[in-house]
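Observations on chain architecture
Here's the letter readout for the chains.
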Amino acid sequence: ACAAALVAVLLTVGSVEAGDAVPFKVALTTTKVTLISPNPLTVHIEACDHIHRVVQAIRDAGATPAVTLNPGTPVADIAEVLGQVDMVLLMSVNPGFGGQKFIGRTVERVREVSALSTEQGVSPLIQIDGGIDETTAPLVAEAGARVLVAGSAIFGSPDYRETISRKKANAA
């Protein structure tokens, strides 16, 4: 058994009108999945005794399953479920608080997920969360990451739009 933690993060640039569909991300640290609607729904592999069951429950509930690995968890731990998930989230900091320094080994971990995916004939999105800035974004993008999460680097800047534009340009 594991403790449940639900985190929803919403970043909207521009205006949102009533009735607009606004995507958001949810990350769960739990093994009990009931009614779920956000896409993707990401679960930490370290929190699950039965990751296959959790991934299938997420898909059965109509959501898109994704799996998260903390920095100290070997990439090989996702090998058995890699073909069943649509995204792999590699934490590039230890979860818990914003503003942490990017863990450099993450770049090689992105390459490991890419190689394992190629070996298995699957192509999940690779997402990176933590310490993403103008220096780290191009490194992980070049290694194969396609979804980059930047919190402190954006919210700590005076101009959100300009910072987001620069990050997108640097990662391209």
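Whatever comes next refers back to the structure up there.
Residues numbered from 1 in each chain as written. Predicted model: local features only at pLDDT ≥ 70, side-chain atom pairs only at ≥ 80, totals over all residues. Heavy atoms only, no water.

**A closer look at the nonpolar core**
In terms of nonpolar packing, the biggest core is built from 33 residues, with I51, I78, V88, L90, V110, I128 and V140 touching the most fellow members. The contact partners of L90, leaving out residues within four places of it in the chain, are L69, R109, V110, V113, I126, Q127, I128 and D129. (Core = buried A, V, L, I, M, F, W, Y, C linked by side-chain atoms within 4.5 Å. Buried < 20%, exposed > 50% of the residue type's maximum accessible area, 1.4 Å probe, protein only. Contact = heavy atoms within 4.5 Å.)

**What about helix 1 (residues 51-60)?**
If you check which residues of helix 1 are buried, you get I51, V54, V55 and I58. Seen end-on, helix 1 carries its buried residues on one side only, within an arc spanning 100°. Pointing more than 90 degrees away from the buried face of helix 1 are the exposed residues R53 and D60. Structurally, helix 1 contributes buried residues whose contacts are with strand 3 (41-44) and strand 4 (65-69). (Helix = DSSP H or I, 4+ residues; strand = E, 2+ residues; numbered from the N terminus. Arc of directions from axis to C-beta.)

**Here's the deal with the side chain of Q100**
With respect to the helices and strands, the residue Q100 is situated in the loop between strand 5 (87-91) and helix 2 (106-120). One polar contact links the side chain of Q100 to the main-chain carbonyl oxygen of N94, over a distance of 2.5 Å. Residue contacts for Q100: discarding those within four places in its chain leaves V93, N94, P95 and G131. (Polar contact = N/O pair within 3.5 Å; in protein donor to acceptor, adjacent residues only side chain to side chain.)

**Quick notes on the packing of helix 2 against helix 3 (residues 136-143)**
Viewed as axis vectors pointing N to C, helix 2 and helix 3 meet at an angle of 20°, and their least axial separation amounts to 8 Å. Regarding the angle of helix 2 to helix 3, the classification is roughly parallel. Of the two possible hands of crossing, helix 2 and helix 3 adopt the one that is right-handed. Of helix 3, the residues touching helix 2 (which contributes V107, V110, R111 and S114) are L139, V140, E142 and A143. A class-by-class count of the residues in the contact of helix 2 with helix 3 yields five nonpolar, one polar and two charged. (Axes fitted to C-alpha atoms, helices over the stretch in contact; angles between N-to-C directions. Parallel < 35°, antiparallel > 145°, perpendicular 65-115°, else oblique. Left-handed = near helix turned anticlockwise from the far one by under 90°. Nonpolar A, V, L, I, M, F, W, Y, C, P; charged D, E, K, R; others polar.)

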